[in-house]
Amino acid sequence: MRTKALSPLNIAVHLSVLLLVILWTLPTLGILVTSLRDKNQIVASGWWTALSSSSQNSMYRAPGADAQKQDGNLFVIAGNILEGAGGTVTGFGTSSLKPEEYKAGETADLKDGEKLTVEKNGDFRLTSETKFEGNRGQRIFYTATTPPRFTLDNYRTVLSAEGIGRSFLNSLTVSIPATIIPILVAAFAAYALAWMPFPGRSLLLAVIVGLLVVPLQMSLIPLLRMYNDIGLFFGVPSKTYLGIWLAHMGFGLPLAIYLLRNYIAGLPREIMESARVDGASDFEIFIKIVLPLSYPALASFSIFQFLWTWNDLLVAMVFLGTGNDELVLTGRLVNLLGSRGGNWEILTASAFITIIVPVLVFFVLQRYLVRGLLAGSVKGG
């Protein structure tokens, strides 16, 4: 029995899928590896060299005169420039321009008769025939080869940061209702647009589709002002969870209604007509027939909406605030990272901490994802 040969189109599709998997997997793997390395190794070499030794230049300041000890006729300051981090010193010097002026094990003549020796294991010995003076010790520039080292310190730093637990709960408090509320509202609207004829239905659907292209940033401030004016009229504070729930609902409804309407419109017409013949109202048809049959579409949109609300920073800062009790997880991690964003070890560890919950949600609902999207894309009412 011969195996059926793949067509050029099938080969192209498989290669495209393989390319997309590689493009997604490699950066993710790089972030994971970087999050497990220490800061010095991240600066010295790329994540793809994490399993090999890396060479880097660094500087160590020896202790001041208070650490000196007398050994016969010499005064000695000793220690280890690697500070127990491991590795091998290949060269050292007293100038940043010449970090390998002397080889490890050699003795360098410094000013005023001082001498400096640095061994391969990092042990150094600074000697002088007269007492050392001053609180600032000698600077030692060196080049060292360090073995690969992996650590969980980056994750401990992030998880032990003050307020991280509170921010995690804030994110859950925002994301869960902001996912459920738009789904409920959109499901009712989608059923009405699909199976309940009324004047202006097509125009309303066109407006909803048009809202998909409205930039969030353009409507954010007008929406906030409108919410504040309404809240002032009813005596509701401006920075509340209700405000951010309504904001996420407004931004998520166009896509939700569009997806759910296409799916619900593709349900068999015979089921609806039979239910109406049996005397069922539109509400009963929606609750008892449409919702149970729409689980794939509801689940697929839930994934998108939860990912959007969980990773959101801008809407949360505008509608909820930036106080310690209101910050969501993304806001807390931004504060921990700093304004310059140079702490790559914190950034990568934070990235993996924030994706834990979305990944769990995706794997729980992923079996509905393709069914819900494809069913709504190939059928229409």
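Residues numbered from 1 in each chain as written. Predicted model: local features only at pLDDT ≥ 70, side-chain atom pairs only at ≥ 80, totals over all residues. Heavy atoms only, no water.

1. Overview of the domain arrangement of the chain
Argument step 1. Domain assignment breaks the chain into domain 1 (37-66 + 75-104 + 115-150) and domain 2 (156-376).
Argument step 2. Measuring from the centre of the C-alpha atoms in domain 1 to the corresponding centre in domain 2 gives 53 Å. (Domains from an automatic or database assignment.)

2. Comments concerning the packing of aromatic side chains
Argument step 1. For the structure shown, the criterion picks out ten aromatic pairs.
Argument step 2. Taking the centre distance of 6.0 Å and the plane angle of 80° together, the rings of Trp47 and Trp48 count as edge-to-face.
Argument step 3. Residue Trp48 is classed as exposed on the basis of its relative accessible area of 64%.
Argument step 4. Taking the centre distance of 6.2 Å and the plane angle of 25° together, the rings of Tyr241 and Trp245 count as stacked. Here Tyr241 and its partner Trp245 are both found in helix H7 (residues 241-265), four residues apart, which amounts to about one turn of the helix. (Phe/Tyr/Trp six-rings, centres within 6.5 Å; stacked < 30°, edge-to-face > 60°. Buried < 20%, exposed > 50% of the residue type's maximum accessible area, 1.4 Å probe, protein only. Helix = DSSP H or I, 4+ residues; strand = E, 2+ residues; numbered from the N terminus.)

3. Some thoughts on the nonpolar core
Argument step 1. Grouped together as the largest cluster of nonpolar side chains are 29 residues, with contacts concentrated most on Tyr191, Leu260, Ile264, Ile285 and Val290.
Argument step 2. The set of elements that each furnish at least two residues to this core consists of helix H4 (164-195), helix H5 (201-210), H7, helix H8 (269-277), helix H9 (282-293) and helix H10 (295-311).
Argument step 3. Broken down by element, the residue count for this core peaks at nine residues, all from H7.
Argument step 4. With sequence-adjacent residues up to four places away left out, Ile285 is seen in contact with Tyr191, Met272, Ala275, Arg276, Ala280 and Val290.
Argument step 5. Counting residues in each nonpolar core, the second largest holds 21 residues, with Ala62, Leu116, Val118 and Leu126 among its members. (Core = buried A, V, L, I, M, F, W, Y, C linked by side-chain atoms within 4.5 Å. Contact = heavy atoms within 4.5 Å.)

4. A few points about empty space enclosed by the protein
Argument step 1. For the coordinates displayed, the defined rule picks out one cavity of 30 Å³ or more.
Argument step 2. Considered as a void within the structure, the largest cavity measures approximately 30 Å³ in volume.
Argument step 3. Looking at the lining of the largest cavity, the elements that each hand over two or more residues are H4 and H10.
Argument step 4. Ranked by the residues each element gives to the lining of the largest cavity, the list is headed by H4, at three residues.
Argument step 5. Per-class residue counts for the lining of the largest cavity are four nonpolar, three polar and one charged. (1 Å grid on protein atoms, 1.4 Å probe; cavity = no way out; pocket = protein on both sides within 12 Å on 5 of 7 lines; lining within 4 Å. Points joined across faces, edges and corners; volume = space filled by probe spheres on them. Nonpolar A, V, L, I, M, F, W, Y, C, P; charged D, E, K, R; others polar.)

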